[in-house]
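Breakdown of the fold
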Amino acid sequence: MASKTDFQRVEMTDCNSHGGEEAHQTTLFEYLILGGALFLCAITLPFSLILSLKVVQEYERAVIFRLGRLLSGGATGPGLFCVIPCTDRYTSVDLRTVSFDVPPQEILSKDSVTVAVDAVVYYRVYNSTISITNVANADRSTRLLAATTLRNVLGTKTLSETLVEREAISLYMKSVLDEATDPWGVRVERVEIKDVRLPVQLQRAMAAEAEAAREARAKVIAAEGERNASRALKEASDVMCESPIALQLRYLQTLVSISAEKNSTIIFPIPLELVRGLVGGKEGPPEHESTQF
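Residues numbered from 1 in each chain as written. Predicted model: local features only at pLDDT ≥ 70, side-chain atom pairs only at ≥ 80, totals over all residues. Heavy atoms only, no water.

1. What about the nonpolar core?
Counting 30 residues, the largest nonpolar core has Val 102, Val 115, Val 117, Val 121, Leu 150 and Leu 154 as the members making the most contacts within it. Contributing elements (two or more residues each) for this core: β6 (98-108), β7 (114-125), α4 (138-154), α6 (166-181) and β8 (186-197). Sequence-distant contacts of Leu 154, that is, excluding residues within four places in its chain, are made with Ile 107, Ser 109, Val 117, Thr 162, Ile 169 and Ile 193. Val 56, Ile 64, Phe 81 and Val 83 belong to the second largest nonpolar core, which has 5 residues in total. (Core = buried A, V, L, I, M, F, W, Y, C linked by side-chain atoms within 4.5 Å. Buried < 20%, exposed > 50% of the residue type's maximum accessible area, 1.4 Å probe, protein only. Helix = DSSP H or I, 4+ residues; strand = E, 2+ residues; numbered from the N terminus. Contact = heavy atoms within 4.5 Å.)

Given below as structure tokens:
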């Protein structure tokens, strides 16, 4: 950055040296033109004040050229200043922060996916003199450079990196733009990626992939739940085998819950020993008769 600045200073010094030689040859002619302009202003007072007095706002600066040459002392303002009609031309430069939208750019990512990306850039002019003398149109140049930089930077990123690393990409773009626009007197303050639009087919494919992943996770969770439930049932059956009366208590609890929810349901409990006798054909009274309710 320093080498570029030094190179530009050397070029400007050379240009000024050549201009100084030409100015030395035409100094008398310039003085005659300036004298004639001042004489016309004097004899047309106070009407010439309308053309001579100019005002720039607090956020503006005026870059004055006299006979095509930049006046020494840099930009003028804010407030009231005076120009010589017919010889002076001035350009007002706004020093406020300017924001603009980068048009959506069709970008081919590193993994060969086409996406449309748009961004917003905030910048301001910090040196009004070189923003006029070093570039024809600082605003248009900054806009074109921002669009080009957006395509170049995102072309080196994959789709996942573009979606996840937005903040890092914005900071890198800001540094690149700030370095490139520094010779124009422009300082880039902020760069933000607004939106990344994917093709419709890719969106459907990603949605199907995400849905399949969710279904797989749901099946795994359901299988784990069945496994835990089977373990709990096994432990409960072990407890009931150790205490036969526990099965009867569970049976009564089930009857209470059914009668509370469905009052119109009629239940006829049947002893298990009777069922065993009918199925197995065993005769004789059962060892333990169930109490009927």
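2. Here we look at α4
Between the first and last C-alpha of α4 there are 24 Å, a value that for 17 residues agrees with the 24 Å anticipated at 1.5 Å per step. Close packing links the buried residues of α4 with β6, β7, α3 (128-133), α5 (159-164), α6 and β8. For α4, the side-chain oxygen to backbone nitrogen distance between the N-cap and Asp 139 is 3.3 Å, and the N-cap itself is Asn 137. (Expected span 1.5 Å × (residues − 1). Polar contact = N/O pair within 3.5 Å; in protein donor to acceptor, adjacent residues only side chain to side chain.)

3. A short note on the pairing of β7
Counting buried positions over the 12 residues of β7 gives 9, a clear majority of the element. Inspection of the sheet shows β6 paired to β7 by 9 bridges, in the antiparallel sense. When the sheet's bridge partners are listed, Val 102 is paired in β7 with Ala 119. Pairing analysis gives 10 bridges linking β7 to β8, with the strands arranged antiparallel. Of the residues in β8, the one forming a bridge with Val 121 is Val 191. (Pairing = 2+ DSSP bridges.)

4. With respect to the packing of α4 against α6
At a closest axis distance of 10 Å, the pairing of α4 and α6 adopts a crossing angle of 135°. Put simply, α4 runs oblique to α6. The way α4 lies across α6 gives a crossing that is right-handed. Residues Thr 142, Leu 145, Ala 146, Thr 149, Leu 150, Val 153 and Leu 154 of α4 pack against Ile 169, Tyr 172, Met 173, Val 176, Leu 177, Ala 180 and Thr 181 of α6. Considering only residue class, the contact of α4 with α6 consists of 11 nonpolar, 3 polar and no charged. (Axes fitted to C-alpha atoms, helices over the stretch in contact; angles between N-to-C directions. Parallel < 35°, antiparallel > 145°, perpendicular 65-115°, else oblique. Left-handed = near helix turned anticlockwise from the far one by under 90°. Nonpolar A, V, L, I, M, F, W, Y, C, P; charged D, E, K, R; others polar.)

5. So, the sheet that holds strand β5 (residues 88-94)
If you walk across this open sheet you meet the 3 strands as β3-β2-β5, and the pairing is antiparallel. Every interior strand has two partners, whereas the edge strands, β3 (69-70) and β5, have only one.

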